[in-house]
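# Chains, contacts and geometry: an overview
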Amino acid sequence: MQRRPEQKPHGGLWEFPGGKVESTEMPAKALVRELHEELGIVVREEGCTPVAFAETAAEGDRPAIVILLYIVRAWEGTPRSLEGGRIDWFTPAGIDRLDKPPLDRELARHLFASGLV
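A few points on the structure. (Residues numbered from 1 in each chain as written. Predicted model: local features only at pLDDT ≥ 70, side-chain atom pairs only at ≥ 80, totals over all residues. Heavy atoms only, no water.)

## Remarks on the nonpolar core
Selection rule: We call a set of buried residues a nonpolar core when its members are Ala, Val, Leu, Ile, Met, Phe, Trp, Tyr or Cys and they connect through side-chain atoms within 4.5 Å of each other. Residue exposure (1.4 Å probe, protein chains only): buried if accessible area is under 20% of the type maximum, exposed if over 50%, otherwise partly exposed. Strands here are runs of E lasting at least two residues and helices are runs of H or I lasting at least four, both read from the DSSP assignment and numbered beginning at the N terminus. Contact between two residues is taken to exist if any of their heavy atoms lie within 4.5 Å; hydrogens are not considered.
Within the largest apolar cluster, 14 residues are counted, with the highest numbers of intra-cluster contacts made by Met1, Phe16, Val51, Leu69, Leu107 and Leu111. When residues of this core are traced back to their parent elements, those giving at least two are strand E3 (48-56), strand E4 (65-72) and helix H3 (102-113). Broken down by element, this core gets its largest block of residues, four residues, from H3. If we skip the residues at most four places from it in the chain, Leu111 touches Phe16, Val51, Leu69, Ile71 and Val117. Within the second largest apolar cluster, nine residues are counted, among which are Ala28, Leu31, Leu35 and Tyr70.

## Let's talk about the environment of Pro79
Along the chain, Pro79 turns up in the loop between E4 and helix H2 (92-97). Taking the relative accessible area as the measure of exposure, Pro79 reaches 25% and is therefore partly exposed. Placed 43 residues apart in sequence, Pro79 and His36 show a C-alpha to C-alpha distance of 9.0 Å.

## Quick word on the packing of aromatic side chains
As a reminder, the rule being used: Stacked, tilted and edge-to-face are the three classes applied to pairs of Phe, Tyr and Trp rings, where Trp contributes its six-membered ring and a pair requires centres within 6.5 Å; stacked means planes under 30 degrees apart, edge-to-face means over 60, and tilted covers the rest.
In the structure shown here, the tally under the stated rule is two aromatic pairs. Arranged with centres 5.2 Å apart and planes meeting at 80°, the rings of Trp14 and Phe90 form a pair that is edge-to-face. Of this pair, Trp14 sits in strand E2 (residues 14-15) while Phe90 sits in the loop between E4 and H2, and the two are 76 residues apart along the sequence. A residue is classified by how much of its surface remains accessible, and Trp14, at 4% relative accessible area, is buried. Plain terms: the ring middles of Trp75 and Trp89 are 5.9 Å apart, the flat faces sit at 15° to each other, and that makes the pair stacked.

This is the structure in structure tokens:
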């Protein structure tokens, strides 16, 4: 999990690493790029297994959000925080106790109910 920088929306809360999908990318390709940018690790697209999603509807001038969650079991390099937020490993019970944005709470619930971890 990674802690969002204080100056960003949901600052100080813990989230699953990743980020926005660019208009020219498929989601797994975006995840590979984001994990390299945020954590300095190299992941192969074929090593990304989709496991869950969470979404919010558009509200006022806030756009709809869809977050896809993937399991990545293999990578090259040692994960380290490249964007200033803290990163750490947690058990499912530990993740459950973390302060997280609403969609990350939903993603964690789906992930642990899936039986894949």
